[in-house]
Amino acid sequence: MTLLIAALGVLGVASSGPLIAGTLGATSVTALAIAFWRNAIGAVVMAGPVIIREPKAFGRITRREFGWSAVAAVALAFHFACFITALQLTSVAAATALVCLQSGWIAVFQVFRGTRHRWPVLAGLGIAFGGVVAITGFDMGSSPEALLGDLLALAGGALAGLYTLAGGKARQSMGTGTYTTLCYGMCAAIVAILALFTAQPLSGFDAGGWLGIIAITVCAQLVGHTAFNHLLATMSPLLVSMIILLEIPGAALLAAIFLNETLPAGTYAGLALILVGLAVVVAGQRRGRPEADRREAELGAD
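I will try to describe carefully the structure that is included in this document. Since the model is a prediction, treat every value here as computed from it, not as a measurement. Per chain, the residues get numbers from 1 upward, laid out in the order the sequence is written. Selection of residues for local features in this predicted model requires a pLDDT of at least 70, selection of side-chain atom pairs for listing and counting requires 80 or more, and totals for whole chains, interfaces and linings are taken over all residues. Heavy atoms throughout the structure, all of them, feed into the side-chain values; hydrogens and water do not.

On to the overall build of the chain, then. Numbered from the N terminus, helices here are DSSP runs of H or I no shorter than four residues, and strands are runs of E no shorter than two. Broken down by element type, the chain carries 14 helices and zero strands. Moving toward the C terminus, one meets the helices and strands of the chain in the order α-α-α-α-α-α-α-α-α-α-α-α-α-α. Two things to know: the radius of gyration comes from C-alpha atoms, and the globule rule equals 2.2 Å times the number of residues to the power 0.38. The C-alpha atoms of the chain give a radius of gyration of 18 Å, which matches the 19 Å a tight globule of 302 residues would have. Structurally, the chain occupies a C-alpha span of about 55 × 50 × 40 Å along its principal axes. Across the 302 residues that make up the chain, the buried fraction comes to 52%. Considering only intrachain contacts with a sequence separation of at least 6, the fraction spanning at least 24 residues in the chain is 85%. Carbon and sulfur atoms provide 71% of the accessible area of the chain, an area that totals close to 13200 Å². For the chain, the distance from the average site of its 16 positive side-chain charges to the average site of its 13 negative ones is 15 Å. Classification of residues uses two cut-offs on accessible area relative to the type maximum, computed with a 1.4 Å probe and protein chains only: under 20% is buried, over 50% is exposed, and between them is partly exposed. Every residue pair with non-hydrogen atoms within 4.5 Å of one another is taken to be in contact. All accessibility values rest on the Shrake-Rupley procedure with a 1.4 Å probe; residue burial counts only the protein chains present in the view. Here the positive residues are Lys and Arg and the negative ones are Asp and Glu; neither His nor the chain ends is included. Lysine's charge is taken at NZ, arginine's at CZ, aspartate's at CG and glutamate's at CD.

We now examine the packing of helix H5 (residues 92-99) against helix H12 (residues 247-258). The convention used is that axes are lines fitted to C-alpha atoms, helices contributing only their stretch in contact, and that angles between N-to-C directions extend from 0 to 180 degrees. Here H5 crosses H12 at 165 degrees, and the two axes come no closer than 8 Å. As far as their axial angle goes, H12 and H5 are roughly antiparallel. Two packed elements cross with a definite hand, and for H5 against H12 that hand is right-handed. Between H5 and H12, the residues in contact are Val92, Ala93, Thr96 and Ala97 and Glu247, Ile248, Ala251, Ala252 and Ala255, respectively. An angle below 35 degrees is treated as roughly parallel, one above 145 as roughly antiparallel, one from 65 to 115 as roughly perpendicular, and anything else as oblique. Two helices cross in a left-handed way if the nearer one is turned anticlockwise from the farther one by less than a right angle. They cross in a right-handed way if the turn is clockwise.

Turning to the environment of cysteine 82, a few remarks are in order. Inspection of the secondary structure puts cysteine 82 in helix H4 (residues 63-89). Counting along the chain gives 75 residues from cysteine 82 to glycine 157, while the straight-line C-alpha distance between them is 8.9 Å. Once you skip the residues sitting within four places of it in the chain, cysteine 82 turns out to touch Leu152, Ala155, Gly156 and Leu159.

Structure below.
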C-alpha cells in the first residue's frame, strides 16, 4: 500500500508541468488563472477538516504566525507566476528540473544565515549547478525565449525555497491544515491582484480550460501533495525527499509521451546532473540537521 501511495504521489507532482503546459497550449486559460484556482480550491479543501475539527483554530492565529504565513504566501504566489510562465517559454523537462532546485536554494540561503554545511551538500550543489549550466547553455543556443523560461524557472525554485523556509517558521506552532488554508488563501488573493494589474482573466474559459484547471488541482495539489504528507507518517523524511526528486524524470517522461516533447541529449544530461546533485544535497542536509530538515521536508510536501 505504501508503494502505491508513493507512486501516486510521484505521478501527481510529475503531472503538474505537463498538465499546465498542455492546458496553456490548448485553451485560453492564463498562467495566473491556473495559479489562482489551484490555490483557491486548495484553501477551501484544506479549510473543511479544520473548521469541523477545530472551529476556533483560525481565531488563535498569532501575529507572528500570520506574518510568516504572509511571507510564505507572497513567495508562493510569485513562485507559481514564474514557474507557470516558464512552461510557456521553455520545455516542461527543463522548467521542472530548474524549479526543483528548491532544496539547493534552501542550502544556499542557509549558508547566508551562517549555517556551515558538510562537504556532501557543497558537492551536491556543485553537481546541480553543472546541470543548470548544461540546460541553460543548450537553451541559449536554441532561442532567447527558452533561456528566459529557464531563468524564470530558476527564480521559481528560489522562491519555493523562500516559501519553505518562511512556512517552516510558521509551522513551528501551526497545524498543517490551518497553515495551508491561510497560506493558500492569501496566495490566491495575491495572484488575483497580479492578474488585475496584468489584465489576465481568471474566468470565462471554455470547458476544456476548466477541465485542465481541475485536473491540475486534483493531480498535483490534492493527490500528489496529500500522498507525500501521508508518507511522512510512515517513512523517514530523507526517503520521502528522495522520492519527491523522481518528479524530475517523471515530468520529462510524461511530457515526452503526451506532449511529444523531444530535447537535445545535452539537456537530458543536465536533468540527470540536477537530479544527482539534489539527491546528494538532500542526503547531506538530513545528516547534518535532522530536526530542522524534518520540518522543512514536511512543509515541502504540503
